[in-house]
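Observations on chain architecture
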Amino acid sequence: MCRWLSYLGPEAYLDSLLFEPKYSLVQQSLAARKSVCATQGDGFGLGWYGDHADPGLYREALPAWNDRNLRSLARQLRARLFFAHVRASTGTDTARSNCHPFAYDKWLFMHNGQIGGFDRLRRRLEAKIPDELYPFRAGTTDSETAFYLLFRHGIERDPVAALRAVLVDIEDERAAAGIDEPLRFTAALSDGRRVVAVRYASDDKPPSLYWRQDGATTVVVSEPLDGEAQSWNRVPANHFLISAPDQRVALCPVAA
């Protein structure tokens, strides 16, 4: 299982969340406290929005704690919206193309969890990716498959509905293939203005997901970055979280 965070708020240096907190994301890559896998060493990635509509990306197959460039970049880069992800593979190769976040046009996406039985579902699910987008699929993960499936479901019109429809796609194919392994899915999606996150599982064990809003700043994390447990809110199981500038965090159930 992976660890990730999203930040939305006034411009902030990336190292303020990646390195500085007691339980920073890089520290979690070495010793996660709420993950099945204590170590997340199969690569990492950053995605951030600056002066352009499309996001910047930096991804590497090295462990986050072992990349000096990451520390240097995080110290210099400021952004009002950014994603960061440390990866623990669920079976696919350790390669840059499999590292999160994934990006297309103005969209960023990252994921923690797994599609149970993906080796048996991969061909079925990839066949649903729009033909014009399939050439952009560079890796082999279930996460990237889920990302490109979003464009099949009107992501521009309603990203929450698109995420819901992708979960239905996956559940339908799991049922058709008779797969008992669960779908466990926490993810974040952004268009450069707002963040939509989801915590979902087909069983009773969804991956952990928390959020904290402090004035104009909203941070969503796989696990809290500090010991102030009372200041973090758990995203309820099978719920979406929507964060937008100058608005309070909204929660809504995955079930329509």
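One can find the structure itself at the top, above this paragraph.
Residues numbered from 1 in each chain as written. Predicted model: local features only at pLDDT ≥ 70, side-chain atom pairs only at ≥ 80, totals over all residues. Heavy atoms only, no water.

**Quick look at unusual backbone geometry**
- In this chain, His-100 is followed by Pro-101 through a cis amide linkage whose omega measures -5°.
- By the element assignment, Pro-101 lies in the loop between β4 (78-86) and β5 (102-104).
- In this structure, Asp-105 is a non-glycine residue whose phi angle is positive, near 55°.
- Relative to the helices and strands, Asp-105 is located in the loop between β5 and β6 (107-115).
- Positioned with a positive phi, Asp-246 is a non-glycine residue whose angle comes to about 60°.
- Classification of Asp-246 by relative accessible area gives exposed; the value is 77%. (Helix = DSSP H or I, 4+ residues; strand = E, 2+ residues; numbered from the N terminus. Buried < 20%, exposed > 50% of the residue type's maximum accessible area, 1.4 Å probe, protein only.)

**A look at the sheet that holds strand β2 (residues 44-48)**
- Taken together, seven strands build an open sheet; the order of strands is β3-β2-β4-β1-β10-β9-β11 and the sheet is antiparallel. Among the strands making up the open sheet, the edge pair consists of β3 (56-60) and β11 (233-234).
- Judged from the five bridges that link them, strand β9 (residues 210-214) and strand β10 (residues 217-221) form a sheet pairing that is antiparallel. Paired with Asp-214 across the strands is Thr-217, a residue of β10. (Pairing = 2+ DSSP bridges.)

**Remarks on empty space enclosed by the protein**
- One pass over the structure, following the stated rule, counts two cavities of 30 Å³ or more.
- Reported here for the second largest cavity is a volume of approximately 40 Å³.
- Along its surface, the second largest cavity is lined by Leu-18, Leu-25, Val-26, Phe-44, Gly-45, Leu-46, Ala-64, Leu-70, Ala-84, His-85 and Val-86.
- Taken together, the elements giving at least two residues each to the lining of the second largest cavity come down to α2 (25-30), β2 and β4.
- Broken down by class, the residue content of the lining of the second largest cavity amounts to nine nonpolar, two polar and no charged. (1 Å grid on protein atoms, 1.4 Å probe; cavity = no way out; pocket = protein on both sides within 12 Å on 5 of 7 lines; lining within 4 Å. Points joined across faces, edges and corners; volume = space filled by probe spheres on them. Nonpolar A, V, L, I, M, F, W, Y, C, P; charged D, E, K, R; others polar.)

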